[in-house]
Amino acid sequence: MNSWHLFGPKTVISSRFRAVFTAAMFSMVSAYILILTDNVAAGQLVGEKAVVSMTLVVPLLTFIIFVSYLIADGLAMMLSYAMGRGDREQVDRLFSMGVMLALGMGGLFALGMWALRTHLLGFWDISPQLMGYVQDYYDGLLFYAPLMFLNVFFYTVFVAEGQERVCVVGSVCAFVVNVLLDICLCLRIGVMGVGIATTCGLGAAVLVQLYFLWGGHSRLHFRWYWNTNDVLHGVFYSFYHSLDTLLLALLPLDLSSCVLHHFSEAHIIVVTVTVNLLTFIVALYTGVVDCLQPMVCQYHAEKNLPSIQKTMATGIRATNIISLAIMVLGMAVSGILPQLFGVRDEQMVAEVSMAVCCFLLFIMFLGCTLMYSNYYIYIEKRNYGACLKFLLLLGFPYIGMELGAAYSLNGMMLGTSAAFLAAFGFNLWWTRKSGRLFLDREMLTRQYSYDIDCSVEAVIGLSRLVQRMMAARGLSVHRANLLALLVEEIGMHANQRAKGAFFQLEFSILLGKKSEDDITMIVRDNGKPYDIIKEALQGKHSFREYFIESITANFPRRHYWVSGDENRMTLVIGERG
């Protein structure tokens, strides 16, 4: 099967989505494999109790990850909005504030983990042997927070900038360092070595990112700049977007508490395996979210509704395929998973296997609903997005697990999974009138988006189609012909640049309410960067470039923007255009 089928027809949007998705999947899956490697190393080299101890520290680590996204996500959303507006100066300012905030908060967290060690670990009422393992693992993670804060912020910004390949290189380095140290240190100092290995792996990823930033390879520039209002706005946006991370920290806590209340400590291993599986699933979904965030935010800033539609269709399609694959493969290997975590008892292996199957039954509805909840935050329907996240990841699951636990352990897991279906149904009911994307239907009727490659036939065909469509909309003959001419000249210029290796073009035409209102044309391509207007103004131009510059010279706005995965030209055609 052609790999493009997963993302739909080959277009600028699907190409960008594929590039970010591939890098994000690699980074997220490698991060999960590192978590799995930590657990397997502890289980095989120390014992089952060591794995359970690490599970009990997971809520704290997830909370740290939540704070890291609290720092990164809001600023990255604001950065994407600034990219949509074409404001490079604001992009650099937001990046700089994020770096300073990550360093400052990371230092405070490291100090807090050291000072509050006894109070944090005293939450669990567990055996002294298990507490000893918990303390060792915790001590190995004292410098985890500052490195995680920097790593997550750099990762989020690089994805928004279209420079996700840096994240892949960082993930490879983190994987190699973590695995090697897992084996070496776990054999020498036990479960503490697992924590140290995790911290050092993060450090390796951050070093790669810093090398790329300071080596002159990035379009991002650090400057000493601070604006408290911008930072507070960023944290405000982040809270909504990162709420799922906080809720996912509380869900394992609820599952563990439910098992201890209704069953016994011996069954905590069921939660351990399930939580690790959930971490892997959410890592895959996060890869899709990482694709949606910069794209939807930029298109929202442009008020480009057709591109939002196409992006979400691609994201939901990818999510559904991932969910089906997870469900089938997860159930197929459910009998093997507990053995990887050091479970030897056959009865316990069977119990864990059945619990995993129950948990995976409705997993598809977790993926779809999670995508929509994040989307609502990107388009500034923040309160509803946060409400949906709460119902999906904590509200309905808590009710489901408690009802199911009254019958059996499998009932508890089945009730948790059924909660995802309940949240999906709630979203369908709530958005029944406005539509699941909350798009302005009247505005959508005034916007057109066309995807072609830069072949001569496709360009000429689109030019003629645009002329007919604009004339049918009631535009003057002059404006309809001007739009058609722009499509033809920009498209033919792309054809000349391609030299037979055709890349994709997207022409978006955004009309005003009245036929004489300003018209915005946004042209995207995934070829090599080339600013036609700049080249023409510098005198290094062909006749076609000179012609394009001449007919757009009196436009109210002409702007060119370069990112790693696409290039964008924005033209605003005034009333006399």
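One can find the structure itself at the top, above this paragraph.
This text gives an overview of the structure that appears in the document.

Reading guide: rules and limits
- Residues numbered from 1 in each chain as written.
- Predicted model: local features only at pLDDT ≥ 70, side-chain atom pairs only at ≥ 80, totals over all residues.
- Heavy atoms only, no water.
- Patch = residues over 30% accessible without salt bridge, like charges linked within 9 Å, V, L, I, M, F, W, Y side chains within 5 Å.
- Areas by Shrake-Rupley, 256 points an atom, 1.4 Å probe, with all protein chains shown as cover.
- Salt bridge = Lys/Arg side-chain N within 4 Å of Asp/Glu carboxyl O.
- Helix = DSSP H or I, 4+ residues; strand = E, 2+ residues; numbered from the N terminus.
- Buried < 20%, exposed > 50% of the residue type's maximum accessible area, 1.4 Å probe, protein only.
- Pairing = 2+ DSSP bridges.
- Axes fitted to C-alpha atoms, helices over the stretch in contact; angles between N-to-C directions.
- Parallel < 35°, antiparallel > 145°, perpendicular 65-115°, else oblique.
- Left-handed = near helix turned anticlockwise from the far one by under 90°.
- Contact = heavy atoms within 4.5 Å.
- Nonpolar A, V, L, I, M, F, W, Y, C, P; charged D, E, K, R; others polar.

## Thoughts on a nonpolar patch on the surface
Together, F26, V172, F175, V176 and L180 make up a nonpolar patch on the protein surface, roughly 410 Å² of accessible area in all. Per-element tally for the nonpolar patch: the top contributor is helix α7 (residues 165-189), with four residues. As for its placement among the helices and strands, F175 is situated in helix α7. Taking the relative accessible area as the measure of exposure, F175 reaches 31% and is therefore partly exposed.

## Quick look at unusual backbone geometry
A positive phi angle is found at E380, which is not glycine, with a value near 70°. One can find E380 in the loop between α14 (363-378) and α15 (382-405). Classification of E380 as partly exposed rests on a relative accessible area of 39%. A positive phi angle, close to 55°, is found at F438, a residue other than glycine. For F438, the position within the fold is in the loop between α16 (409-430) and α17 (441-444).

## A look at the sheet that holds strand β2 (residues 504-510)
The sheet built from five strands is open, its strands ordered β1-β2-β3-β5-β4 with antiparallel pairing. At either margin of the open sheet sits one strand with a lone partner, and together these are β1 (447-453) and β4 (557-562). The average angle at which neighbouring strand axes cross in this sheet is 10°, direction not considered.

## Focus: the packing of helix α9 (residues 228-262) against α14
Remark: α9 packs on α14, axes separated minimally by 9 Å, with the N-to-C direction vectors making an angle of 160°. When the axes of α9 and α14 are compared, the pair comes out roughly antiparallel. Considering how the two elements wind past one another, α9 and α14 form a crossing that is right-handed. Of the residues in α14, those in contact with Y240, H241 and D244 of α9 are L370, N374, I377 and Y378. Residue classes in the contact of α9 with α14 are distributed as four nonpolar, two polar and one charged.

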